[in-house]
Amino acid sequence: MPEPTNPEPVGAEPTTPTPASRPSTPATTPVDEVTEINPDVDIAPEDIGVPVVAEGERLLEVDTVTLRFGGVVALNEVSFHINKGEILGLIGPNGAGKTTCFNVMTGVYQPTSGVVRYLGKPLGKRHKFQITKLGIARTFQNIRLFANMTALENVLVGVDAHHTTGVVTAMFRLPKHRREEEQGRARAMELLEFMGLDGKADELARNLPYGDQRRLEIARALATSPQLLCLDEPAAGFNPAEKVKLMELIRTIRDQGYTVLLIEHDMKLVMGVTDRIVVLEFGRKIAEGSPAEIRDNPAVIAAYLGVDEEDAS
Amino acid sequence: MTTTTNVTQKKKDRPNLNERIADLPLPIKVVLWILFALFLFALPLLNIPFITTPDSDFGGVLFTVSTYVLVALGLNIVVGYAGLLDLGYVGFYAVGAYTVGVLSSQHGSLPWLWCVPVAIAVAMVSGILLGAPTLRVRGDYLAIVTLGFGEIVRLTLVNSQWLGGAQGISNIPRPPGIELFEVPSIDWSTGVPVVDLGTTTTFLKFGISDFIPYYWLALVVIALVLVFDILVKNSRVGRAWEATREDEDAAELMGVPTFRFKLLAFALGAAIGGLSGALFAGKSGFINPQSFELLLSILFLAAVVVGGQGNRWGVILGAIVVSYFPERFREFADFRVLVFGLALMLLAIFRPQGLLPPRRTLRAKRADARQHVLEEGEAGA
Ligand SMILES: Nc1ncnc2c1ncn2[C@@H]1O[C@H](COP(=O)(O)OP(=O)(O)O)[C@@H](O)[C@H]1O
Ligand SMILES: [Mg+2]
């Protein structure tokens, strides 16, 4: 049997957002509904049985990865790596191949050539869910929550990634089911509280305001206890104040023990929060370095020239 | 501004029937459930005017309704929970019935009760065999493949002499019974209910003229399947199904082995379909390919969609609507099919989510209303 063909590439910018994932309200949330996050809640990743590398060591390595879609070369011999405990920025103009890069790292696409190594081993032809279980989680540029499930249920699905309850265990309410439900619910509620969403645990995802939906996506990804958290333009559609808040949140997430790969094409924003930055343009890596180095890099300036600030943010 | 808010506030504060039942203390809830169950068991004996079908044996009708309910519960797992469109569900129903027929009459003489677990297992295996290659493809293809499956099963039955061909299989044994006591019925012929000791049902005799015991058996099976449904749905398994239905790619990327869970839904749905088929075979004592027409698949699906896919109580209601009304209005002969079709169309237009949409839709509506009030309020302020 042929492998399934994806009718719609995961994470690719949709021409029209699906009605289910479109927020029912515009980004303008009533003032009294703005959600404050609770950075003190302990949301450290749980032990998921993968080897934990030491701080500063290589967690993931993209090694000369090329990906072609017919004639389009979406990624052209791209190489970079992510160290444990850092926030790596992946930036570049629209269509540069950032989302595609995520898709290669999470098993949505197989690279045409090159390898992605995680904890020193090639990811290979693993299923997407297996890669998630290994500790790579992501959010989506266009929100893809489980629209008709509650906020809590959305996060629970993420927590369930490491659970093994099946029909028989559930049917007879065996101890494993009880244990997993109890621990899972506790962790999911912690994550919601951390994101300031605990008051909305029972709201359907699609009824949440836009900002909450974005935060819920992060909570759901964190629920899988990833070693590496990949955020695809989490600040898209936010106003400047919200963006700043989100960057603080991302730093807090890192401080709780996660490694973060952040796609964002607002240069200024990325500068403030990342440890290192990789710049893509037309599928090629054109620069890599500290925020200061990137700011002064002529190739990067050229790539972003002509793209005015409004467009880029 | 204040007026609109207040009106909606009042509406929201008044709990609906569902919430009021949910708020009752547990012992009262248990008593209510027991009373309701007793009522269901007594239903064919009460001979309630208007509800009781005038033109066909009410016990038999209730049994048919029960098999539809059972089938709808099974199909709801596939269609409502996991979001897989199955147009050939009658195939599994047939597999269950024919497994019983073959083992108990055509090529063996096993008692009915022994055949039931085998029928469930065979239906489940056929579900896995059909699902394993097809569940990798999405949406429309699955509908077409399952549609084909239903027809292939029927054509195989017609053309295979080993399976009885077009004549089918007869002399299928009945479920085992014990004749303990007689249960009287109620007679309304004088206008007031009178206990009628002349017309009784033997507890528990699975005979050829009185179908009430079969209905009782079906009720017990439905209760068991319902409990199973509730337990499995409220677990990791149910969440995985729903996540897969909502967004398969996102589910997979959140660690849900979607293929495995789709196959599981398919297998469980098939098993329940097979169980219904086994019940049907045990009650009729005779099966032939005409009992498993494509139309039946469509009716099964109609039951799920009309009732509200994803809500177990909704699909039960849908199954009752789809199977009971055509029997109740048998007097209008073929005209009833027209009315039935019209009713389905009206339903599709006015209640596209089904008669009893899943809780999620109701909750969403309520939240939408609240949001609406918020916005209105702001505009007014
Ligand atoms: N499934 C696909 N089929 C064909 N082309 C694709 C597909 N996914 C992405 N692309 C192309 O790859 C390029 C990079 O896209 P993307 O990774 O989404 O860019 P961005 O950096 O904005 O996230 C674009 O030219 C896009 O059209
Ligand atoms: Mg992108």
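None of the values given here were measured: they were computed from a predicted structure. (Residues numbered from 1 in each chain as written. Chains lettered and ligands numbered in written order. Predicted model: local features only at pLDDT ≥ 70, side-chain atom pairs only at ≥ 80, totals over all residues. Heavy atoms only, no water.)

Peer 1: Mind showing me how you'd approach the site of ligand 1 here?
Peer 2: Residues and elements named next belong to chain A. The environment of ligand 1 is made up of 12 residues, and the closest members are Gly-95, Gly-97, Lys-98, Thr-99 and Thr-100. In this structure, Gly-95 approaches ligand 1 through a main-chain N or O atom, which is 2.8 Å from an oxygen atom. Separating an oxygen atom of ligand 1 from a backbone N or O atom of Lys-98 is a distance of 2.8 Å. Here ligand 1 has 560 Å² of accessible area as a free molecule, and 74% of this is covered by the chains. A total of three residues in the shell around ligand 1 trace back to one element, the largest contributor, which is helix α1 (residues 98-105). Of the residues assigned to the shell around ligand 1, the class counts are five nonpolar, five polar and two charged. (Near = heavy atom within 4 Å. Polar contact = N/O pair within 3.5 Å; in protein donor to acceptor, adjacent residues only side chain to side chain. Areas by Shrake-Rupley, 256 points an atom, 1.4 Å probe, with all protein chains shown as cover. Helix = DSSP H or I, 4+ residues; strand = E, 2+ residues; numbered from the N terminus. Nonpolar A, V, L, I, M, F, W, Y, C, P; charged D, E, K, R; others polar.)

Peer 1: Quick question: what am I supposed to make of the UniProt feature "transmembrane region" (unreviewed entry) in chain B here?
Peer 2: Look at the UniProt record and you will see "transmembrane region" (unreviewed entry) annotated at residues 30-52, 58-80, 87-105, 111-132, 214-232, 263-282, 294-325 and 337-356 of chain B. In the segment residues 111-132 of chain B, helix accounts for 95% and strand for 0%; the C-alpha atoms at its two ends are 32 Å apart. (UniProt positions renumbered as here; feature names shortened; annotations may be inferred.)

Peer 1: Would you explain the pattern of salt bridges in this entry?
Peer 2: Considering all chains together, one arrives at 23 salt bridges over all chains under this definition. For the salt bridge of Asp-63 of chain A with Arg-117 of chain A, the shortest nitrogen-to-oxygen distance reads 3.1 Å. Linking Asp-63 of chain A in strand β1 (residues 58-69) with Arg-117 of chain A in strand β4 (residues 113-118), this pair joins segments that are 54 residues apart in sequence. For Arg-117 of chain A, a relative accessible area of 23% translates into the label partly exposed. A salt bridge links Glu-242 of chain B to Lys-233 of chain B, with the nearest nitrogen and oxygen atoms 3.9 Å apart. Each of the two residues, Glu-242 of chain B as well as Lys-233 of chain B, counts as buried. Overlapping salt bridges bring together Arg-58, Glu-61, Asp-63 and Arg-117 of chain A as one network. (Salt bridge = Lys/Arg side-chain N within 4 Å of Asp/Glu carboxyl O. Buried < 20%, exposed > 50% of the residue type's maximum accessible area, 1.4 Å probe, protein only.)

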